[in-house]
Amino acid sequence: MKKEKKVRLELVLIFYLIACNMLQILMIDAKGSLYDSIWKACILVFTIFSCVYISLKYKLKLNKNNTLIWLIFTMLTTISNICNGCLLANFSFNNFVTYIYPIISFFIFAVVFGNISFDEECLKNFLNYFIIFITYTCIFNMIYNYSSIINFINIKNSNEVQISSFFDNRNTFALYLLYGILSNIIIITYYKNKNKIYLFTLLLFALNAFLTLSRTNILCIAIFIFTLYLTSKDMRKNRKITLLICCGILVIICIPQFRNFISHNLIRKEAKLSNREVIWKYGINLYRENELTGIGMNNALNKLKDLSQYTSFHNTYLSILLDGGIVSAIGYMILFIYDLKKIIMIKKYNSELFRIFIAIFIVYTVNGITETNILFQTSATSFLCTTFVFILPVYITSFYYRKREERNYINENQKN
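K.L.:
Kindly report on unusual backbone geometry, identifying the contributing residues and their values.
P.N.:
The residue Met27 is not glycine, and still its phi comes out positive at about 60°. Take Met27: it is sitting in the loop between α2 (22-25) and α3 (34-58). Backbone geometry at Lys59 places phi at a positive 50°, although glycine is not the residue there. Inspection of the secondary structure assignment puts Lys59 in the loop between α3 and α4 (64-83). By relative accessible area, which is 71% here, Lys59 ends up exposed.

K.L.:
Explain the packing of aromatic side chains to me, using residue names and the numbers behind them.
P.N.:
By convention here, two paired aromatic rings are described through the distance between centres and the angle between planes. If you walk through the whole model with that rule in mind, you get 29 aromatic pairs. Here Tyr16 and Phe383 contribute two aromatic rings whose centre-to-centre distance is 4.3 Å and whose plane-to-plane angle is 50°, an arrangement assigned as tilted. Taken together, the positions of Tyr16 in helix α1 (residues 9-20) and Phe383 in helix α17 (residues 380-415) put the pair 367 residues apart, joining distant regions of the chain. Geometrically, the ring pair formed by Phe376 and Phe390 is edge-to-face, given 5.4 Å between the ring centres and 75° between the ring planes. Pair noted here: Phe376 is in the loop between α16 (351-367) and α17 and Phe390 is in helix α17, with a separation of 14 residues, a long-range link. Of the two residues, Phe376 and Phe390, neither departs from the other in class, the shared state being buried. Every member of this aromatic cluster is reached through a ring pair, and the members are Phe133, Tyr136, Phe140, Tyr144, Phe166, Phe167, Phe173 and Tyr176.

K.L.:
Would you mind going over a nonpolar patch on the surface in detail, with residue names and values included?
P.N.:
A surface patch of nonpolar side chains, amounting to about 270 Å² of accessible area, comprises Leu34, Ile38 and Phe93. Ile38 sits in the partly exposed class, given a relative accessible area of 38%.

K.L.:
Explain α4 to me, and be specific about the residues and the numbers.
P.N.:
Between its first and last C-alpha atoms α4 spans 29 Å; for 20 residues at 1.5 Å apiece the expected length is 28 Å, and the two agree. Three or more residues of α4 are buried, namely Asn66, Thr67, Ile69, Trp70, Phe73, Thr74, Leu76, Thr77, Thr78, Ser80 and Asn81. The N-cap of α4, judged by a side-chain oxygen 3.2 Å from the amide nitrogen of Asn65 a few residues on, is Asn63. Directly after α4, the chain includes Gly85, whose backbone phi takes a positive value near 95°.

K.L.:
Please provide a residue-by-residue account of the environment of Arg402, values included.
P.N.:
As for its placement among the helices and strands, Arg402 is situated in helix α17. Measuring from C-alpha to C-alpha, the distance between Arg402 and Ser117 comes to 7.4 Å, with 285 residues separating the pair along the chain.

K.L.:
With reference to specific residues and values, describe the pattern of salt bridges.
P.N.:
Think of it this way: side chains of opposite charge can pair up when their charged atoms draw near. Inspection of the entire model under this criterion finds four salt bridges. For Arg8, the salt bridge is made with Glu10, and the minimal N-O distance between the two is 2.6 Å. According to the relative accessible area criterion, Arg8 is partly exposed, its value standing at 36%. Taking the relative accessible area as the measure of exposure, Glu10 reaches 1% and is therefore buried. In this structure, Arg276 engages Glu371 in a salt bridge whose closest nitrogen and oxygen atoms are separated by 2.8 Å. On the criterion of sequence distance, the pair formed by Arg276 in helix α13 (residues 276-287) and Glu371 in the loop between α16 and α17 is long-range, its members being 95 residues apart. When sorted by exposure, Arg276 lands in the same class as Glu371, which is buried.

K.L.:
Account for helix α8 (residues 170-189), naming residues and giving values.
P.N.:
Between its terminal C-alpha atoms α8 stretches 28 Å, which fits the 28 Å expected from 20 residues at 1.5 Å a residue. Among the 20 residues in α8, 18 count as buried, and that is most of the element. Of the residues that open α8, the one with a side-chain oxygen 3.0 Å from the backbone nitrogen of Asn171 is Asn169.

K.L.:
So, the packing of α1 against helix α6 (residues 120-144): which residues are in play, and what are the values?
P.N.:
Two elements in contact, α1 and α6, have axes separated by 9 Å at closest approach and are oriented at 25°. It follows that α1 is roughly parallel to α6 by the angle criterion. Like other packed secondary-structure pairs, α1 and α6 cross with a definite hand, here right-handed. Every residue of α6 that contacts α1 at Glu10, Leu11, Leu13, Ile14, Leu17 and Ile18 is listed here: Cys122, Asn125, Phe126, Tyr129, Phe130 and Phe133. Grouping the constituent residues of the contact of α1 with α6 by class yields 10 nonpolar, one polar and one charged.

K.L.:
Account for the confidence of the model for the protein, with residues named and values stated.
P.N.:
Per-residue confidence for the protein gives a mean pLDDT of 86, with 89% of residues at or over 70. No element of the protein has a lower mean pLDDT than helix α11 (residues 239-254), which averages 66, and none a higher one than α6, which averages 95.

Rules behind the numbers
- Residues numbered from 1 in each chain as written.
- Predicted model: local features only at pLDDT ≥ 70, side-chain atom pairs only at ≥ 80, totals over all residues.
- Heavy atoms only, no water.
- Helix = DSSP H or I, 4+ residues; strand = E, 2+ residues; numbered from the N terminus.
- Buried < 20%, exposed > 50% of the residue type's maximum accessible area, 1.4 Å probe, protein only.
- Phe/Tyr/Trp six-rings, centres within 6.5 Å; stacked < 30°, edge-to-face > 60°.
- Patch = residues over 30% accessible without salt bridge, like charges linked within 9 Å, V, L, I, M, F, W, Y side chains within 5 Å.
- Areas by Shrake-Rupley, 256 points an atom, 1.4 Å probe, with all protein chains shown as cover.
- Salt bridge = Lys/Arg side-chain N within 4 Å of Asp/Glu carboxyl O.
- Expected span 1.5 Å × (residues − 1).
- Polar contact = N/O pair within 3.5 Å; in protein donor to acceptor, adjacent residues only side chain to side chain.
- Axes fitted to C-alpha atoms, helices over the stretch in contact; angles between N-to-C directions.
- Parallel < 35°, antiparallel > 145°, perpendicular 65-115°, else oblique.
- Left-handed = near helix turned anticlockwise from the far one by under 90°.
- Contact = heavy atoms within 4.5 Å.
- Nonpolar A, V, L, I, M, F, W, Y, C, P; charged D, E, K, R; others polar.
- pLDDT = per-residue confidence, 0-100.

Below you can see the structure in the form of structure tokens.
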């Protein structure tokens, strides 16, 4: 069996992620505009050319299992978008980009690149690159929002500040910090890296996550840590983490100023769900207009924007139903099940990585209740979630499977 040439997929993923964020990095407010769609189209075209070049250079073969899932997903999303009029009666450039983006993105990253060996060293490299990127966002945030941070403890209402680095809102920044913290924890715990720089970046990310006052993402950080703790083979090793968390809780409880600040600005009982329940009710009423194929991509969102200041339904599952109805929901359900199956397969080869990816999957499903990040969609946050939740487990599973095949091949030759 020939040894496969090394493809630096970790570089492809990080460059693609940065490219998706380039307009925000340059602080160009173009979200939802024609310029935004053109930029996303340019990224997609460049990615296609890069994919063709890499495929020819390394003579890549399509991943058969992923191809089958892709065909089913493409068929279902196409049917829903034809039936609800997005590709016919209400055709527009924005709708076409929104429709074609996940299909091509899934094909490139899961089908074409699905057979490339993405080993643990590649995973480590990607996490390191991502940590560097998040460190930059934090440094930029600390400088750009210096005056707000200095007076942060004196705020009376969380809406008084929007500490979000160069991102369009604090929830987006908090989501990146969430996965940055996850990356740090993986490097420290799984790769046993004792370099103090990771402890520094972990604390830096945690501080910035707190400054965002994003309840969902802060809760997801706690869920990730708690899931890792519960699935640990030896909980005694986590005593230091447990002690640290308990000390933090005691500090908050014992110091009135901290306790009151957390209660009023982070927990925010009086704010409840920040009017999300109103948006969900409106979305559910819209969905009832066409439960089978939805009311069409961007249509529900445009109606929401016309009636309010909100730019999202803040629910991944409701957004899928609104865009493509039950038909598209079945397509995404197949993706979720396939992804979960891949994560479970990792357990056969590496139980520690299984614990990590199942925790990430749980975090994503919980985050989807109050935020919208649909897999393989056009937004940078969606690709961020797609990378950690879907792409990395698929790559890691492919690596272990090919490694097993190579071992069997060598054993067969030795017998002969």
